[in-house]
Amino acid sequence: MYKRQHLWRFEQAREWLLEAGELITAREAERRVLILENPGLRGDSRITTSLYAGLQLVLPGEVAPAHRHSQSALRFVLDGGGAHTSVNGERTLMEYGDFVITPPWAWHDHGNDSDQPMIWMDGLDIPVASFFDASFAEGYGEDEHPVSRQTGDSLARYGANMLPVDFEQRELASPIFNYPYARSREALEKMQRQQEWDPCHGLKMRYVNPVDGGFAMPTISPFLQLLPQGFKTAAYRSTDATVFVATEGSGRSTIDGQEFTWGPRDIFVAPSWKWIVHEADDETVLFSYSDRVAQQKLGFWREQRDPA
Ligand code: GTQ
């Protein structure tokens, strides 16, 4: 089988996860995750050749214990609100659409002090680390890594168009580890008034590391894009296979000739170098991630716009 385009319905995945939630706790599982496996890569726990995707459930009162690994992770919040993740001793509360980073080798744990189940998508570069035989992980030995910084400190310090005066870049990942949806969405809302649409992408932005303007993560490129109601994109393809989440809106995407209809929170994947066309029935926001940054660093990346 070859790597395929595919769509997962969020509502179905949520049902399965909640059933799993009755069988095993987050602590017992370490991470309670429904892996989104590319049907062309059966048994491989991969959504694309280089990337992993899963849906993680943390029930009220649960913890997913502290650990760290050489793989980078992103979270994209899809259900619930008010659970936290902590990264290197700073907690962040997560709300719908928030994009959260766990940099390589950073201690992290998750906990849900809210009264609702919390589900987010995990995106990791697990297959990249495996390819390089560079996979390492260790447990902290306790549920929580000690909290040593105020909640919201990183976003204030690095996410307000300022940097500490003597800041020196030491890490590859962005020092901001929660990019709140409320902010990104508001920015898209203001920009769309300009009515400047890219034929292939509508209005597409990339999440950056404010220190150097590069992508927010060393191996994964995250994006957020808005398609106005009725917009149909021109065909586009690139070598970075891409995972999309319909954050708001509804519509259709045709990938390598196969049409997928999506609504809020549905997840779909496009393989490398297959033509993609998106059509928005309502005003739509798509979150997406791929290995573009890694391909660009290594000299492999290319893209093509429909010549028609
Ligand atoms: O939350 O740290 O889906 O380590 C897979 C591996 C989530 C996590 C996953 C992980 C995590």
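Treat the numbers as computed from the prediction; the structure is a model and nothing was measured.

J.: Explanation requested: the sheet that holds strand β12 (residues 178-179) in the structure shown.
T.: Adjacent strands of a sheet form backbone hydrogen bonds with each other and so pair up, either parallel or antiparallel. What the six strands build is an open sheet, ordered β2-β3-β10-β5-β8-β12; its pairing is antiparallel. Of all the strands in the sheet, just β2 (33-35) and β12 have a single pairing partner and so form its edges. Where helix α1 (residues 10-23) meets the sheet, it contacts β2, β3 (52-58), β5 (73-79) and β10 (118-124), and its direction lies at approximately 55° from that of β3.

J.: Even after reading the chapter, I still don't get the pairing of strand β17 (residues 251-255), so can you show me in this structure?
T.: Along a regular strand, successive side chains alternate from one face of the sheet to the other. Most of β17 sits out of view: four of its five residues are buried. The hairpin formed by β17 and strand β18 (residues 258-262) contains two residues between the paired strands, and D256 there has a positive phi angle of roughly 50°. The pairing of β17 with strand β20 (residues 276-280) spans five bridges and is classified as antiparallel. In the sheet register, I255 faces β20, and the bridge partner there is I276.

J.: Quick question: what am I supposed to make of the sheet that holds strand β14 (residues 221-227) here?
T.: An order of β1-β19-β16-β21-β14-β13 is seen for the six strands of this open sheet, with the pairing classed as antiparallel. With partners counted over all chains shown, the strands left at the sheet margins are β1 (6-8) and β13 (203-206), one partner each. Across this sheet, the average inter-strand angle for adjacent strands is 20°, counted without regard to direction. Across the sheet, helix α5 (residues 181-192) is in contact with β13, β14, β16 (242-248) and β21 (284-290); its angle to β14 comes to roughly 45°.

J.: Teacher, can you tell me more about the site of the ligand here?
T.: Lining the immediate environment of the ligand, one finds R31, V33, Y52, Q56, H67, H69, R75, H108, H110, D122 and L124. A distance of 2.9 Å separates an oxygen atom of the ligand from a polar atom in the side chain of H69. Between the ligand and D122, the relevant distance is 2.8 Å, taken from an oxygen atom to a side-chain nitrogen or oxygen of the residue. The residue makeup of the shell around the ligand, split by class, is three nonpolar, five polar and three charged.

J.: Sorry, what's going on with the packing of aromatic side chains here?
T.: A complete count under the given rule lists 14 aromatic pairs for this structure. Consider the rings of W197 and F231, whose centres lie 6.1 Å apart with planes at 55°: the pair is tilted. Note that W197 is positioned in the loop between α5 and β13 and F231 in the loop between β14 and β15 (236-238), a separation of 34 residues in sequence. Under the relative-accessibility criterion, W197 is labelled partly exposed at 24%. On the basis of relative accessible area, F231 is assigned to the buried category, the value being 15%. The structure contains a cluster of three or more aromatic residues connected by ring pairs, namely F76, F99, Y179, Y207 and F287. Against the face of F223 rests K204, its NZ or CZ located 4.6 Å from the ring centre. One cation-aromatic arrangement involves R206 over F215; the distance from NZ or CZ to the ring centre is 4.8 Å.

Conventions used here
- Residue numbers here run from 1 along each chain, matching the order of that chain's written sequence.
- In keeping with the predicted nature of the model, local features appear solely for residues at pLDDT of at least 70, side-chain atom pairs appear and are counted solely at 80 or more, and the whole-chain, interface and lining totals rest on all residues.
- Note that the side-chain values use all heavy atoms of the structure and ignore hydrogens as well as water.
- When DSSP finds two or more bridges between a pair of strands, those strands are recorded as paired.
- Helix numbering and strand numbering both begin at the N terminus, where a helix is a DSSP run of H or I of at least 4 residues and a strand a DSSP run of E of at least 2.
- Residue contacts are defined here by distance: any two heavy atoms, one from each residue, within 4.5 Å place the two residues in contact.
- Throughout, an axis means a line fitted to C-alpha atoms (over the contacting stretch in the case of helices), and angles, computed between N-to-C directions, take values from 0 to 180 degrees.
- Burial here depends on accessible area, computed with a 1.4 Å probe over protein chains only, as a share of the maximum for the residue type. Under 20% is buried, over 50% is exposed, and the range in between is partly exposed.
- Only heavy atoms are used to decide nearness, and a residue is near a molecule or strand if one of them lies within 4 Å of it.
- For the purposes of these results, a polar contact is taken to be a pair of N or O atoms within 3.5 Å, where, inside protein, one atom must be able to donate a hydrogen and its partner to accept one; residues adjacent in sequence count only when each atom of the pair is a side-chain atom.
- When residue character is reported, Ala, Val, Leu, Ile, Met, Phe, Trp, Tyr, Cys and Pro are called nonpolar, Asp, Glu, Lys and Arg charged, and the others, Gly included, polar.
- We call Phe, Tyr and Trp rings a pair once their centres come within 6.5 Å, taking the six-membered ring for Trp, and we label the pair stacked below 30 degrees between planes, edge-to-face above 60, and tilted otherwise.
- Any Lys NZ or Arg CZ found within 6 Å of a ring centre and within 35 degrees of that ring's normal is scored as a charge over the ring.

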